Amino acid sequence: MNLITCQASKGAPPSIMPTNNAVAPFYGAIITVKNIRLAVVRVAPEHTWPVTGAAMLKCAQAFFPTLPIVLLSPRVGGFSRSYATFDLTQLIKHINADEIAWHACELTPPEHELPF
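The structure displayed is predicted, hence computed values, not measured ones.

The rules we used
- Residues numbered from 1 in each chain as written.
- Predicted model: local features only at pLDDT ≥ 70, side-chain atom pairs only at ≥ 80, totals over all residues.
- Heavy atoms only, no water.
- Phe/Tyr/Trp six-rings, centres within 6.5 Å; stacked < 30°, edge-to-face > 60°.
- Helix = DSSP H or I, 4+ residues; strand = E, 2+ residues; numbered from the N terminus.
- Buried < 20%, exposed > 50% of the residue type's maximum accessible area, 1.4 Å probe, protein only.
- Lys NZ or Arg CZ within 6 Å of the ring centre and 35° of its normal.
- Salt bridge = Lys/Arg side-chain N within 4 Å of Asp/Glu carboxyl O.
- Pairing = 2+ DSSP bridges.
- Right-handed = clockwise from strand over helix to strand, strands pointing away.
- Polar contact = N/O pair within 3.5 Å; in protein donor to acceptor, adjacent residues only side chain to side chain.
- Contact = heavy atoms within 4.5 Å.
- pLDDT = per-residue confidence, 0-100.
- Core = buried A, V, L, I, M, F, W, Y, C linked by side-chain atoms within 4.5 Å.

Trainee: Sorry, what's going on with the packing of aromatic side chains here?
Mentor: Any pair of aromatic rings gets described here by the distance separating the centres and the angle formed by the planes. Applying the stated criterion to the full structure yields three aromatic pairs. With centroids separated by 5.4 Å and ring planes inclined at 85°, the aromatic side chains of Phe 26 and Phe 63 adopt a geometry described as edge-to-face. Linking Phe 26 in strand 1 (residues 24-33) with Phe 63 in the loop between helix 1 (50-61) and strand 3 (69-72), this pair joins segments that are 37 residues apart in sequence. The exposure class assigned to Phe 63 is partly exposed, which follows from its relative accessible area of 27%. Consider the rings of Phe 63 and Phe 64, whose centres lie 4.9 Å apart with planes at 80°: the pair is edge-to-face. Cluster of aromatic residues (ring-pair linked, three or more members): Phe 26, Phe 63 and Phe 64. Over the ring of Tyr 27 we find Arg 42, and its NZ or CZ is 4.5 Å from the ring centre. Taking the ring centre of Trp 49 as reference, the NZ or CZ of Arg 81 above it sits at 4.1 Å.

Spelled out as structure tokens, the structure:
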């Protein structure tokens with residue numbers, strides 16, 4: 001697995017929802033699954049539903065603008081919940097949240113809209 005190097009956030013909770021243009025700490029990694037590079041962002045299980053997942057993805061896109069992003073919750077009872085805007089069916093069985101070397105990152109919201 002390829003990993004991303006990020007700035008460390010000291011003792012911050014894993015969240016990527018920025019508020020008031022503040023820096024939002026989160027945990028993420030860049031992995032390769034079946035020759036596809038993906039950004040994986042660790043979120044709480046309640047953020048793997050379409051209602052909240054879409055907002056979380058939008059925040060993560062500021063940090064990973066060119067990669068497909070998967071929101072992944074920690075494993076509970078042997079399973080992880082996930083959310084993405086693409087079909088994960090053939091990839092998710094190869095992704096184990098316990099085997100990812102998560103990196104603490106800090107996301108500062110962009111000052112302007114991305115060009116795409």
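This is not the end of the story, as more comes after the structure.
Trainee: I'm lost on the pattern of salt bridges in this one. Help?
Mentor: Counting across every chain of the model gives one salt bridge. Arg 75 serves as the salt-bridge partner of Asp 98, at 3.5 Å between the closest nitrogen and oxygen. Taken together, the residues Asp 98 in the loop between strand 4 (82-83) and strand 5 (103-107) and Arg 75 in the loop between strand 3 and strand 4 connect sequence positions 23 residues apart. By relative accessible area, Arg 75 is classed as partly exposed at 30%.

Trainee: Just to check I follow, could you spell out the pairing of strand 2 (residues 36-42) for this structure?
Mentor: One ladder, built from four bridges, connects strand 2 with strand 3; its direction is parallel. Within the sheet, the bridge partner assigned to Val 41 lies in strand 3 and is Leu 71. In this fold, the crossover linking strand 2 to strand 3 by way of helix 1 has right-handed handedness.

Trainee: Looking at this structure, how should I read the side chain of Ser 73?
Mentor: With respect to the helices and strands, the residue Ser 73 is situated in the loop between strand 3 and strand 4. Taking the relative accessible area as the measure of exposure, Ser 73 reaches 1% and is therefore buried. Of note is the side chain of Ser 73, whose polar atom sits 2.9 Å from the backbone nitrogen of Arg 81. With residues up to four places along the chain from it excluded, the contact list for Ser 73 reads Val 43, Ala 44, Pro 45, Thr 48, Ser 80, Arg 81 and Ala 97.

Trainee: I keep staring at the confidence of the model for the chain and nothing clicks. Help me out?
Mentor: Should the pLDDT be low somewhere, the predicted coordinates at that spot are not to be read in detail. Chain-level pLDDT for the chain is 76 on average; 71% of the residues reach the 70-or-more range. Counting interchain partners and residues more than four positions distant, the pLDDT-below-50 stretch residues 1-22 has 58 contacts.

Trainee: What's the story with the environment of Pro 25 in this structure? I'm lost.
Mentor: Structurally, Pro 25 is set in strand 1. Relative accessible area serves as the criterion here: at 18%, Pro 25 is assigned to the buried category. In this structure, the C-alpha to C-alpha distance between Pro 25 and Cys 105, residues 80 residues apart in sequence, is 5.6 Å.

Trainee: Any chance you could explain the nonpolar core here in plain terms?
Mentor: What tends to happen in soluble globular proteins is that the nonpolar side chains get buried as a cluster. Counting 16 residues, the largest nonpolar core has Ile 31, Leu 38, Leu 72, Ile 95, Ile 100 and Trp 102 as its most contacted members. Mapped by element, the contributors of at least two residues to this core are strand 1, strand 2 and strand 3. Looking at which element gives the most residues to this core, the answer is strand 1, with four residues. Residues Ile 30, Ile 69, Tyr 83 and Cys 105 belong to the second largest nonpolar core, which totals 14 residues.

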